[in-house]
Amino acid sequence: MEKTLVILKPCTLQRGLIGEVISRFEKKGLKLAGIKMTWLTDKVLNEHYAHLSDKPFFQRLKNAMSIIPVIVCCWEGIDAVRVVRAMTGATNGRNAAPGTIRGDYSMSSQENIVHASDSPENAAIELARFFKDGELFDYTWLQTACVYANDEC
Ligand code: UDP
Ligand code: MG
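Chains are numbered independently. Their residues run from 1 in the order of the written sequence. Chain labels run from A onward and ligand labels from 1 onward, assigned in the order the entries are written. Reporting of local features is limited, given that this is a predicted model, to residues whose pLDDT is at least 70; pairs of side-chain atoms are given and counted only at 80 or more, and all residues count toward the totals for whole chains, interfaces and linings. Where side-chain values are given, they derive from all heavy atoms of the structure, hydrogens and water being excluded.

Peer 1: Outline the packing of helix H2 (residues 18–28) against helix H5 (residues 80–88), supporting the account with residue identities and numerical values.
Peer 2: Helix axes are fitted to C-alpha atoms over the stretch in contact, other axes to C-alpha atoms as well, and angles between N-to-C directions run from 0 to 180 degrees. Comment: elements are numbered from the N terminus, with helices defined as DSSP H or I runs of at least four residues and strands as E runs of at least two. Between H2 and H5, whose axes approach to 12 Å, the crossing angle comes to 135 degrees. Classed by the angle they form, the pair H2 and H5 counts as oblique. Considering the relative orientation of H2 and H5, their crossing is right-handed. From H2, Arg-24, Phe-25 and Lys-28 reach across to H5, where they touch Val-83, Val-84 and Met-87. All residues other than Ala, Val, Leu, Ile, Met, Phe, Trp, Tyr, Cys, Pro, Asp, Glu, Lys and Arg, Gly among them, are scored as polar; the first ten of these are nonpolar and the last four charged. Of the residues belonging to the contact of H2 with H5, the class tally is four nonpolar, no polar and two charged. Should an angle fall under 35 degrees it is called roughly parallel, over 145 degrees roughly antiparallel, and 65 to 115 degrees roughly perpendicular, with every other angle called oblique. With the far helix as reference, a near helix turned anticlockwise by less than a right angle produces a left-handed crossing, and one turned clockwise produces a right-handed crossing. By the convention used here, residues are in contact when the closest approach between their heavy atoms is within 4.5 Å.

In structure tokens, the structure reads:
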């Protein structure tokens, strides 16, 4: 099954929305494969946001992402990358559709609650960036038989 990375950003921890956002992924039927609290370093943020290094908001974004710790988690499921991106919504919370995480909880283009991997290739790179060997777990998830038809997985 496909795995994807979600980062619950510092704004989410400050606003007391960690449980609420995790609950959405659980209720959707995604399997939690790993979760931890970590304080992001400048080195990791330079890698993670390399595609934005020429943007005027790059330093501001890095500051916001390292002001307090974040929660990183790995969610697993069929088409997990696409499903989680759809649940996340547009980058700017003011433009994100109601019903999406950003659409429901964010009013900002920066303080937008979650990061979610945007492709299976990037998900693999990002999961390797944030989780060491042994921090992602393969276990029997009893919900599988209720979440999927038996010929889907
Ligand atoms: N960001 C920002 N201002 C912008 C665009 C992006 O502060 O105009 C921040 C925002 O926190 C976003 C992150 O940079 O989540 C990464 O940007 P990306 O374009 O990868 O958007 P995402 O994949 O998070 O929707
Ligand atoms: Mg992105």
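Peer 1: So what about the site of ligand 1? Which residues, and what values?
Peer 2: Note on definitions. A residue lies near a molecule or strand when any single heavy atom of the residue is within 4 Å of it. Surrounding ligand 1, one finds 13 residues, the nearest of these being Lys-9, Arg-85, Thr-91, Arg-102 and Asn-112. Taking Arg-85, its side chain carries an N or O atom lying 2.8 Å from an oxygen atom of ligand 1. In protein, a polar contact requires one atom able to donate a hydrogen and another able to accept it; more generally it is a pair of N or O atoms within 3.5 Å, and residues adjacent in sequence count only if both atoms are side-chain atoms. Between an oxygen atom of ligand 1 and a side-chain N or O atom of Arg-102, the distance comes to 2.9 Å. We place a 1 Å grid over just the protein atoms. Points where a 1.4 Å probe fits but has no way out form a cavity, open points with protein on both sides within 12 Å along at least 5 of 7 lines form a pocket, and any residue with an atom within 4 Å of a point lines it. To qualify as sitting in a cavity or pocket, a molecule needs more than half of its atoms within 2 Å of the grid points. Of all the cavities here, the one that holds ligand 1 is the largest pocket.

Peer 1: An account of the side chain of His-48 is requested, with residue identities and associated values reported.
Peer 2: Its place among the elements puts His-48 in helix H3 (residues 42–48). Other than its neighbours up to four places away in sequence, His-48 contacts Leu-5, Ile-7, His-115, Glu-126, Arg-129 and Phe-130.

Peer 1: A description of the pattern of salt bridges should follow, citing residues and the corresponding values.
Peer 2: When a carboxyl oxygen of Asp or Glu is within 4 Å of a side-chain nitrogen of Lys or Arg, the pair counts as a salt bridge. As enumerated under the stated definition, the model contains eight salt bridges in all. Asp-104 is the partner of Arg-24 in a salt bridge, and the nearest nitrogen-oxygen pair spans 2.6 Å. Residue Arg-24 is located in helix H2, and its partner Asp-104 is located in helix H6 (residues 101–105); the two are separated by 80 residues in the primary sequence. Put simply, Glu-47 and Lys-43 hold a salt bridge, and the shortest N to O gap is 3.7 Å. Of this pair, Glu-47 and Lys-43 both sit in helix H3, four residues apart, which is roughly one turn of that helix. Lys-43 gets classed as exposed once you look at its relative accessible area, which sits at 61%. Counted as one network, the salt bridges with shared partners bring together Lys-36, Lys-132 and Glu-135. Each residue is assigned to one of three classes by its accessible area relative to the maximum for its type, calculated with a 1.4 Å probe on protein chains only: buried under 20%, partly exposed between the two thresholds, exposed over 50%.

Peer 1: Describe in detail the sheet that holds strand E2 (residues 31–38), supporting the description with residues and values.
Peer 2: Pairing within the open sheet is antiparallel, and its four strands lie in the order E2-E3-E1-E4. The two strands at the open ends of the sheet, each matched to only one other strand, are E2 and strand E4 (114–116). Sheet twist, expressed as the mean angle between neighbouring strand axes with direction ignored, is 20 degrees. Where strand E1 (residues 2–8) lies against E4, three bridges are found, and the strand directions are antiparallel. Bridging from a neighbouring strand, Val-6 pairs with Ala-116 of E4. Sheet contacts for helix H7 (residues 120–130): E1, E2, strand E3 (70–77) and E4; angle to E1, the most-contacted strand, approximately 60 degrees. Strand pairing follows a simple DSSP-based rule, namely that at least 2 bridges must link the two strands.

Peer 1: Now, about the nonpolar core: what can you tell me, with residues and values included?
Peer 2: Among buried residues, the Ala, Val, Leu, Ile, Met, Phe, Trp, Tyr and Cys ones that are joined through side-chain atoms within 4.5 Å form a nonpolar core. The biggest cluster of nonpolar side chains holds 21 residues, and the ones touching the most others in it are Val-6, Leu-8, Val-21, Phe-25 and Ile-113. Where this core is concerned, the elements lending two or more residues are E1, H2, E3, H5, H6 and E4. Here Val-6 is in contact with Phe-25, Ile-71, Val-72, Cys-73, Trp-75, Val-84, Val-114 and His-115, once residues within four sequence places are set aside.

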